[in-house]
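# Inside the fold
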Protein chains: 2
Amino acid sequence: MPTPLRHAAAGSAYHELERRFRRLLALRDAEAMLHWDLATMMPRGGTESRSEQLAALKSVRHAMLTAPDMGDLLAAADADAGLNDWQAANLREMRRAWTHATALTEAQVEAMSRAISACEAAWRSARAESDFAAVRPKLQAVLALVRECAAAKGDRLGLDPYDALLDEYEPDVRAAEIDRLFDPLASFLEGFLPLVQDRQAGEPPVLPLPGPFPVEVQRGLAVRLMNMLGFDFDHGRLDVSLHPFCGGTPDDVRITTRYDESDFASALMGVLHETGHALYERGLPRDWRGQPVGEARGIALHESQSLLIEMQVCRSRSFLALIAPTVRDAFGGEGPAWEVGNFHRLYTRVEPGYIRVDADEVTYPAHVILRYRLERAMIAGELEVHHLPDAWNAGMQELLGLTPPDDRRGCLQDIHWYDGAWAYFPTYTLGAMTAAQLFQAATKASPDIPAGIARGDFRPLLAWLRSHVHSQGSRLNPRELLIAATGSPLDPVYFERHLQRRYLGVAAS
Amino acid sequence: MPTPLRHAAAGSAYHELERRFRRLLALRDAEAMLHWDLATMMPRGGTESRSEQLAALKSVRHAMLTAPDMGDLLAAADADAGLNDWQAANLREMRRAWTHATALTEAQVEAMSRAISACEAAWRSARAESDFAAVRPKLQAVLALVRECAAAKGDRLGLDPYDALLDEYEPDVRAAEIDRLFDPLASFLEGFLPLVQDRQAGEPPVLPLPGPFPVEVQRGLAVRLMNMLGFDFDHGRLDVSLHPFCGGTPDDVRITTRYDESDFASALMGVLHETGHALYERGLPRDWRGQPVGEARGIALHESQSLLIEMQVCRSRSFLALIAPTVRDAFGGEGPAWEVGNFHRLYTRVEPGYIRVDADEVTYPAHVILRYRLERAMIAGELEVHHLPDAWNAGMQELLGLTPPDDRRGCLQDIHWYDGAWAYFPTYTLGAMTAAQLFQAATKASPDIPAGIARGDFRPLLAWLRSHVHSQGSRLNPRELLIAATGSPLDPVYFERHLQRRYLGVAAS
């Protein structure tokens, strides 16, 4: 039982909050483990009971976070002058969680949960049949609730509705800043893409890699590379799920992949991507386990850690040269298709397409910018759901010169909006830009980093990331963290330079 | 939020209780899944965070069960004349859980938890070094608290202290009844064991089965037999853990085993044993999922379901004749060691030994009776911990004619007392007796059952168990359930007859 506040000694409100959040986050970790099990181990007949377990945990966590005395505890702790930097940051993150949780009424939370369940189910069949009209009313219902909740959160936070949604994924990041980053990036890519396509047209074609590639061999290779990158199997696992992810907890990180026996390349790169996420989780500050300030700092920074490993490191010629012999030997491959040049062409192939998740790193931002612009317009009430397919197709034509032949390859392709995740899309490209900026700062700070990568020693890179990013937890906001780590706020120029080096050979990559 | 009672319509207190228990049991199920993961999947570095998760769940469940308004809700629901049989039984089980949970103070629960943690850790090294003195003070501390808690529960329940502990595992079962069952059983076994040993001395020796037995082949065979017995892999899994168990939930039953490549026989029988537990869980009443009345009816009945499958069915000559060719083919075995006669001798070998978990079904009850008598004396204050080794060894000499050469093979062998599980041991032998009584009732009721087993069709047996045991949940107490299923309360004569048939050939088994 909490000590009544009127009897509390100085600092006891803060310590009571730490006690509560430790429990709350332990329950959240339990949920994460049950999600992992659901995706990897659970027999299909377990669905219903698992839903009950997850709903019970979610409801208990919500009740704890919104307990009637929480506001008083936060106020009492705010008045405590004795908190150190980390404690003060921890208190700020507690308040952030509480503010977001209490900004909506229980009725709003329940209505949203119901609307999302119905919409997501309808989306699955609508996408399969490429029938947007079939899910349109349910998406309209979700959007109406999202707008209502965004307005409520905006009132509470003193923010525009879209910014209020964004704040939950990216603390203190605002749409105005995203515009400032995405608009020049879109212009850059408009000119850049044709240059890359011209250049690649003059290169040899990607030679096919003949399979089959047995799952056990793929797995063995993945484990070997994970170990090389610094993944700690005493504190984590690699398993199989339909949709790859990184889950679990910092001390027990569970990453997954999906193997295709006719193509090893995508599972392998997928594992390396998830390993980037895992290294971040594992490196979060040990002293702040189970407290909000010990958690990862937003979705974009998390994505930056996977993209730094995947895009900056593992698709580089230097890394591919390092692993090409190992990969060839593992699968018993022979001939020019197994040489590093072909691997590099395979892993840096650029080709505009309809589907975001299949996109290369050059065209990916266009997919994100499209969705960002459309969702902002929808939240602002400037774009109605029944005009979405037309707006989508027009945007694809403008950004990538393609018009999707159907909505399955257009506005039905992603689960996000149908599942209630609005203001999430920009984090992918914020993550890609952050990855480029961090990697350039790291290699500039320490020449050991590229030299280490070339010989398979990732300790210098990991040490820099641990110190400048991972161990910072949520002490700073994303902008402050990036300035502290790289000397400047997020700037698309680092990402653009990376693309110019890799795809136009402006310098070695 | 619960409806305030003063505004409640008739029946709303009961429905509020159902709502709360559904959530409470969903959290308990979440805990069960996390325990399974801990034993099967978790990397060793996950121990600390998993402990936090489990402690948080346990504490939340305790708080829900002992919420200040729970007593009023139970009283209001008790006054509800409109409950049907199942609802009334459900309410009775809710009250039972609440009574046990509120009988102890928070201070007692916490002191017990700390004492058990310390004692269990000390026991692990004490057992390894066969050094009882090293754990004795910690066991004394545990016993003192167990006695205090037993007295507190006894006061609350109007029971003797030992009966109060027993009531949590075996609702409404009392030590006086156990004495009535165990004393004649001990006498029976005293005369029976020499007869069996004489008879087996005249039989051919058990021929060794030459390995190795690859794990994948053992697993394939286990899965095949599980399917044959009716285990539903859409609602369950088979995995590996150090200590085999049946966990999970009725719709997602997780059983485990441990393979030894030099001996397939014990893992195989272990899987069949756990399958018996799993079939019970899976057969619990579908309409009462997530409610106390829908749960298994006590530990002894659960053990009866595993022992019915393992001891009554799978060690029978009829079952062994059925599977012998399959087993032989799976491992490519040849010669007389692979014939059913040798399998039967292997699986029915009787030999007194020091270790309970290695004991055969004839000598197993002696191990249990010893522990039951000793723990009753300790709870009653008639036996002090420092006299335990002597009392143990004297009891072993009396019951099995053996004196353990050291405490590792004596009073240090089992975790139970050191881990706070007092009054648990008798459930093993109550389970064995219940299994014999149920199986004899089942085969008497339906000749299809033995005929089905002989040809590998377990549907008649499963149908009988589903209808008479599994689907009953906790509607009746163990005694009532057994009377309803077999026509009489628990009687050792069924178990004795079973042993006489199997080990002395009094009739076919």
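It should be emphasised that the depicted structure is a prediction, and the values quoted were computed from it without experimental measurement.

## Section: the overall build of chain A
Tallying secondary structure elements over chain A gives 20 helices and three strands in all. On C-alpha atoms alone, chain A measures out to a radius of gyration of 23 Å, which is about the 23 Å that the 2.2 N^0.38 rule sets for 509 residues. Taking the principal axes of the C-alpha coordinates as reference, chain A spans close to 75 × 50 × 50 Å. Residues classed as buried in chain A amount to 43% of the 509 residues present. Here the contacts in chain A between residues at least 6 apart in sequence split such that 70% fall between residues at least 24 apart.

## Description of the sheet that holds strand E1 (residues 236-240) of chain B
Within a beta sheet, neighbouring strands are joined by backbone hydrogen bonds and run either parallel or antiparallel to one another. All names here are of chain B. Pairing is mixed in the open sheet, where three strands are placed in the order E1-E3-E2. At either margin of the open sheet sits one strand with a lone partner, and together these are E1 and strand E2 (246-249). Strand-to-strand, the axes of this sheet are offset by a mean angle of 20°, without reference to chain direction. In this sheet, strand E3 (residues 252-257) lies alongside E1 in parallel orientation, the contact comprising five bridges. Looking at the pairing, aspartate 239 lines up with threonine 256 of E3. Sheet contacts for helix H1 (residues 12-40): E1, E2 and E3; angle to E2, the most-contacted strand, approximately 140°.

## Some points on the nonpolar core
Ranked by internal contacts, the top residues of the largest apolar core, which has 104 residues, are Cys119, Leu139, Val142, Val146, Met433 and Ala435 of chain A. Leaving out residues up to four positions away in the same chain, valine 146 of chain A has contacts with Ile379, Gly420 and Trp422 of chain A. Core analysis: the next-biggest nonpolar cluster, separate from the first, contains 103 residues, Leu225, Leu301, Ala436 and Ile449 of chain B among them.

## Considerations on helix H15 (residues 388-400) of chain B
All names here are of chain B. In a regular helix each residue adds 1.5 Å, so 13 residues correspond to 18 Å; H15 covers 17 Å between its end C-alpha atoms and thus fits that length. Within H15, the full set of buried residues consists of Leu388, Trp392, Met396 and Leu399. The arc that holds the buried residues of H15, viewed along the axis, is 80°, so those residues lie on one side. Looking at H15, the residues exposed on the side facing more than 90 degrees away from the buried face are Asp390, Gln397 and Glu398. For H15, the elements touching its buried residues are helix H8 (175-201) and helix H14 (364-379). Looking at the residues trailing H15, positive phi occurs at glycine 401, about 70°.

## Focus on the interface of chain A and chain B
Think of interface size as the accessible area that goes away when the parts come together; that is how it is often given. Between chain A and chain B, the contact holds 31 residues from the first and 31 residues from the second. Those elements that place two or more of their residues in the side of chain A that touches chain B are helix H1 (12-40), helix H2 (47-65) and strand E1 (236-240) of chain A. Partitioning the side of chain A that touches chain B into residue classes produces twelve nonpolar, nine polar and ten charged.

## As for the relation of the copies chain A and chain B
Between chain A and chain B, which share one sequence, the superposing operator has a rotation angle of 180° and an axial displacement of 0.0 Å; the RMSD is 0.0 Å. Accordingly, the operation relating the two chain copies is best matched by a two-fold axis.

## A word on the packing of helix H16 (residues 426-445) of chain A against helix H19 (residues 478-486) of chain A
To describe two helices that pack against each other, one gives the angle between their axes and the distance between the axes. Residue and element names in this part refer to chain A. The geometry of H16 relative to H19 is characterised by a closest axis approach of 9 Å and an angle of 25° between their N-to-C directions. Classified by the angle between their axes, H16 and H19 sit roughly parallel to one another. Along its contact with H16, which presents Thr434, Gln437, Leu438 and Ala441, the element H19 presents Leu482, Ala485 and Thr486.

## As for the sheet that holds strand E2 (residues 246-249) of chain A
Residues and elements named next belong to chain A. Across the sheet, which stays open at both edges, the three strands sit in the order E1-E3-E2 with mixed pairing between neighbours. Edge positions in the sheet fall to E1 and E2, since each of these pairs with one other strand and no more. Taken pair by pair, the neighbouring strands of this sheet meet at an average axis angle of 20°, ignoring direction. H1 rests against E1, E2 and strand E3 (252-257) of the sheet, and its axis sits at about 140° to E2. Relative to the sheet, helix H10 (residues 265-283) contacts E1, E2 and E3, its axis offset from that of E3 by approximately 165°.

## Observations regarding the domain arrangement of chain A
All names here are of chain A. When its domains are assigned, chain A resolves into domain 1 (1-102) and domain 2 (215-352 + 428-504). A separation of 30 Å is found between the C-alpha centroids of domain 1 and domain 2. Listed as interface residues are 18 residues of domain 1 and, on the opposing side, 15 residues of domain 2. Residue assignment for the side of domain 1 that touches domain 2 shows that the elements contributing at least two residues are H1 and helix H4 (85-102). Top element by residues in the side of domain 1 that touches domain 2 is H1. It accounts for twelve residues. Class assignment for the residues of the side of domain 1 that touches domain 2 results in eleven nonpolar, three polar and four charged.

## Description of the pairing of E3 of chain A
Taken residue by residue, a regular strand's side chains alternate between the two faces of the sheet. Residue and element names in this part refer to chain A. A large share of E3 lies buried, amounting to six of its six residues. Every second residue of E3 is oriented toward a common face, with Asp252, Arg254 and Thr256 on one face and Val253, Ile255 and Thr257 on the other, all of them buried. In terms of strand pairing, E2 meets E3 through four bridges, oriented antiparallel. Residue pairing for E3: glycine 247 is matched across the bridge by arginine 254. Linking two consecutive strands that pair antiparallel, namely E2 and E3, is a turn of two residues.

Rules behind the numbers
- Residues numbered from 1 in each chain as written.
- Chains lettered and ligands numbered in written order.
- Predicted model: local features only at pLDDT ≥ 70, side-chain atom pairs only at ≥ 80, totals over all residues.
- Helix = DSSP H or I, 4+ residues; strand = E, 2+ residues; numbered from the N terminus.
- Rg over C-alpha atoms; globule rule 2.2 N^0.38 Å.
- Buried ≥ 20, exposed ≤ 12 C-beta atoms within 10 Å, placed from the backbone.
- Contact = placed C-beta atoms within 7 Å.
- Pairing = 2+ DSSP bridges.
- Axes fitted to C-alpha atoms, helices over the stretch in contact; angles between N-to-C directions.
- Core = buried A, V, L, I, M, F, W, Y, C linked by C-beta atoms within 7 Å.
- Expected span 1.5 Å × (residues − 1).
- Arc of directions from axis to C-beta.
- Nonpolar A, V, L, I, M, F, W, Y, C, P; charged D, E, K, R; others polar.
- Least-squares fit on C-alpha atoms with pLDDT ≥ 70 in both.
- Parallel < 35°, antiparallel > 145°, perpendicular 65-115°, else oblique.
- Domains from an automatic or database assignment.

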